[in-house]
Amino acid sequence: MTVRHLLRDDDLSPAEQAAVLDLAATMKRDRFGHRPLAGPSGPRSVALLFDKPSLRTRVSFEVGVAELGGHPLVIDSRSTHFGRGETLGDAARVLSRYVAAIVLRTFGDDRLAEVAAGATVPVMNGLTDGFHPCQLLADLLTVREWCGGTASRTLAYLGDTTNNMAHSYLLAGVTAGMAVRVAGPDGFAPDPAVVTRAGEIAAGTGGSVRLLRDPVEAVTGADVVATDAWTSMGQEGQEGQERDRGAALSAYQVNEKLLAYAAPQVAVLHCLPAHRGEEITDQVLDGPHSAVFDQAENRLPAQKALLTWLLSTGGAR
Ligand code: CP
Ligand code: NVA
């Protein structure tokens, strides 16, 4: 039996993604009715490793593992030998002797790949510089709830189109059969390899990919409008660069004026944390089209479902 991981959004086929989302909806309806980690003779543990800060990912995984009857171990990687002297592969081999699964939030995707290569248990990407696939499962569950489904719905992602969320919207969105529009300024192109891969997936799902400059064109008629911070973790503290990024990205702010071009029942997504007044206004974040707090809530059932699926026959190849 091959161990399955979720390192990038395209690690799940369209049918597998749909199965995880179906299970997430079931688990949301019956929050305390599923305890696959309780085990026949004791709780199974899940290691949650963080190289970067987190509120939602940490808490939703920690609460989720507990609700599944398991034992969550939150590990700030600075308090271990993780990546200092001891290789990530060795650490993953050791962890695999103790725990049923590993979640890692880190910088480069190469670090995550090293952990997955050493692990003999499922590894989940809790955010890397490249992707945020656990977030996208919550986002797609939210789109199902707000839009009645994902297939042939249009999602416009605006702002920093080079970041993890842009890449994950491209891959996971087309996997769910969505028309994904990504709009950002010159110099903010998403990874071309990710765009190509999204196009390949879209060809099989009826989804589509468009890269745009014009925020109005991107938002026009969209069922979902999404954005994210203009400066991601690891990019902060570069005073001049942050100012330059803000200047380049200001035309892509999600505000009421821009939202007026979207579909009448548009749902607005933001993975949070939000920088109110920068990439999104208070009026939109707190307004009637904001699905943002449902989206944050959905991290919990989405990750419980993912973990359950990866540890069950669904995750075996
Ligand atoms: N959206 C998200 O991943 O939030 P955290 O950084 O708080 O985990
Ligand atoms: N793009 C953001 C997402 C935070 C959840 C970052 O990487 O900081």
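Refer to the structure above for everything that follows.
A brief report on the enclosed structure follows. Please read these numbers as outputs of a predicted model, since none were measured by experiment. (Residues numbered from 1 in each chain as written. Chains lettered and ligands numbered in written order. Predicted model: local features only at pLDDT ≥ 70, side-chain atom pairs only at ≥ 80, totals over all residues. Heavy atoms only, no water.)

**Some remarks on the pairing of strand β3 (residues 101-105)**
Here's step 1: Counting buried residues in β3 gives five out of five residues, a clear majority hidden from the surface.
Here's step 2: Judged from the three bridges that link them, β3 and strand β4 (residues 123-125) form a sheet pairing that is parallel. The residue bridging I102 from the neighbouring strand is V123, located in β4. (Buried < 20%, exposed > 50% of the residue type's maximum accessible area, 1.4 Å probe, protein only. Helix = DSSP H or I, 4+ residues; strand = E, 2+ residues; numbered from the N terminus. Pairing = 2+ DSSP bridges.)

**Comments concerning the site of ligand 1**
Here's step 1: Taken together, S54, L55, R56, T57, R105, H132, Q135, C271, L272 and R299 make up the full set of residues adjacent to ligand 1.
Here's step 2: A distance of 3.2 Å is found between an oxygen atom of ligand 1 and a side-chain nitrogen or oxygen belonging to R299.
Here's step 3: Calculation on ligand 1 without its partners gives an accessible area of 250 Å², and the protein chains cover 96% of this total.
Here's step 4: Here the residues of the shell around ligand 1 are counted per class, giving three nonpolar, four polar and three charged. (Near = heavy atom within 4 Å. Polar contact = N/O pair within 3.5 Å; in protein donor to acceptor, adjacent residues only side chain to side chain. Areas by Shrake-Rupley, 256 points an atom, 1.4 Å probe, with all protein chains shown as cover. Nonpolar A, V, L, I, M, F, W, Y, C, P; charged D, E, K, R; others polar.)

**As for unusual backbone geometry**
Here's step 1: The linkage connecting L272 with the following residue, P273, adopts the cis geometry, with an omega of 10 degrees.
Here's step 2: By the secondary structure assignment, P273 is in the loop between β9 (267-270) and α11 (282-285).
Here's step 3: In this structure, S152 takes a positive phi of about 60 degrees despite not being glycine.
Here's step 4: Looking at the element boundaries, S152 is found in the loop between α5 (133-147) and β5 (154-158).
Here's step 5: The phi angle at L272 is positive, at roughly 65 degrees, despite the residue not being glycine.
Here's step 6: By secondary structure assignment, the location of L272 is in the loop between β9 and α11.

**Some remarks on helix α6 (residues 164-175)**
Helical periodicity: at 3.6 residues per turn, an α-helix aligns residues three or four positions apart in one direction.
Here's step 1: Over its 12 residues, α6 runs 16 Å from end to end, which matches the ideal 16 Å to within 8%, given 1.5 Å per residue.
Here's step 2: Across the 12 residues that make up α6, a large majority, 12, are buried.
Here's step 3: Residues N164, M165, A166, H167, S168, Y169, L170, L171, A172, G173, V174 and T175 constitute the buried set of α6.
Here's step 4: Sitting at the head of α6, N163 places a side-chain oxygen 3.0 Å from the backbone nitrogen of M165.
Here's step 5: Note on α6: the residue one or two positions beyond its end, G177, has a positive phi of about 80 degrees. (Expected span 1.5 Å × (residues − 1).)

**Details of the site of ligand 2**
Here's step 1: Neighbouring ligand 2 are L127, N163, N164, D228, S232, M233, C271 and L272.
Here's step 2: Between ligand 2 and N164 there is a distance of 2.8 Å, counted from a nitrogen atom to a side-chain nitrogen or oxygen.
Here's step 3: Taken by itself ligand 2 offers 270 Å² of open surface, and the protein chains cover 94% of this.
Here's step 4: Across the shell around ligand 2, the residue classes break down as four nonpolar, three polar and one charged.

Remember that the coordinates give geometry; whether it matters functionally is a separate question.
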